[in-house]
Amino acid sequence: MNKMTLKDFKPAIMTLLLSVALFGIHSLMFYLLKINTDSYSYSLLELYGFFTPIAVFIIIVLIFVHRKNKDAVGYAFMALTCIQMAANYFMLHPMLQQNLRPQKINFFILFALFLAMETIITARILNNKQ
């Protein structure tokens, strides 16, 4: 088995960079639309600080799984996604207690963006097009 290089971690690095770019765009949108987030349970920084490391971790684990057993990548992705959903529920729980619909929508949009990003990258790993 070959030694891992920085190129092997390109999907994780791209996930991190895309997350930073999304955070910048998201923050700019909130600023331009004058959306007041003072009453939100979590700031944008906290949400991205939650979603980004999990996404990068999932991608790194999938890279290692791919190197060891290509047939197990899909199973690993499903297991990690289930664990991620449980963590998301615990983060979402305080928001469910409040009656702030925009906050909930914001959370689910972020959840969907990160899940889509992870899914696309997993498909690329499975197709070996890193």
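Residues numbered from 1 in each chain as written. Predicted model: local features only at pLDDT ≥ 70, side-chain atom pairs only at ≥ 80, totals over all residues. Heavy atoms only, no water.

A look at the packing of aromatic side chains
Under the defined criterion, the tally for this structure stands at eight aromatic pairs. Members of the aromatic cluster, each reached through a chain of ring pairs, are Phe-23, Tyr-48, Phe-50, Phe-51, Phe-107, Phe-108 and Phe-114. (Phe/Tyr/Trp six-rings, centres within 6.5 Å; stacked < 30°, edge-to-face > 60°.)

A look at helix 4 (residues 101–126)
Spanning 26 residues, helix 4 covers 37 Å between terminal C-alpha atoms, matching the ideal 38 Å at 1.5 Å per step. Of all the residues in helix 4, the buried ones are Gln-103, Asn-106, Phe-107, Leu-110, Phe-111, Phe-114, Met-117, Glu-118, Ile-121, Thr-122 and Ile-125. Phi for Asn-128, located one or two positions after helix 4, is positive at around 60°. (Helix = DSSP H or I, 4+ residues; strand = E, 2+ residues; numbered from the N terminus. Expected span 1.5 Å × (residues − 1). Buried < 20%, exposed > 50% of the residue type's maximum accessible area, 1.4 Å probe, protein only.)

Structural notes on the environment of Ile-35
By the element assignment, Ile-35 lies in the loop between helix 1 (10–32) and helix 2 (44–68). Separated by 67 residues in sequence, Ile-35 and Pro-102 place their C-alpha atoms 9.5 Å apart. Leaving out residues up to four positions away in the same chain, Ile-35 has contacts with Phe-30 and Tyr-40. (Contact = heavy atoms within 4.5 Å.)

Quick word on the packing of helix 2 against helix 4
Running from amino to carboxyl end, helix 2 crosses helix 4 at an angle of 15°, the nearest separation of the two axes being 10 Å. Between helix 2 and helix 4, the angle is such that the two are roughly parallel. As for how helix 2 packs across helix 4, the hand of that crossing is right-handed. From helix 2, Leu-44, Leu-47, Tyr-48, Phe-51, Thr-52, Ala-55, Ile-58, Ile-59, Leu-62, Ile-63 and His-66 reach across to helix 4, where they touch Asn-106, Phe-107, Leu-110, Phe-111, Phe-114, Glu-118, Ile-121, Thr-122 and Ile-125. For the contact of helix 2 with helix 4, the class distribution of residues is 15 nonpolar, four polar and one charged. (Axes fitted to C-alpha atoms, helices over the stretch in contact; angles between N-to-C directions. Parallel < 35°, antiparallel > 145°, perpendicular 65-115°, else oblique. Left-handed = near helix turned anticlockwise from the far one by under 90°. Nonpolar A, V, L, I, M, F, W, Y, C, P; charged D, E, K, R; others polar.)

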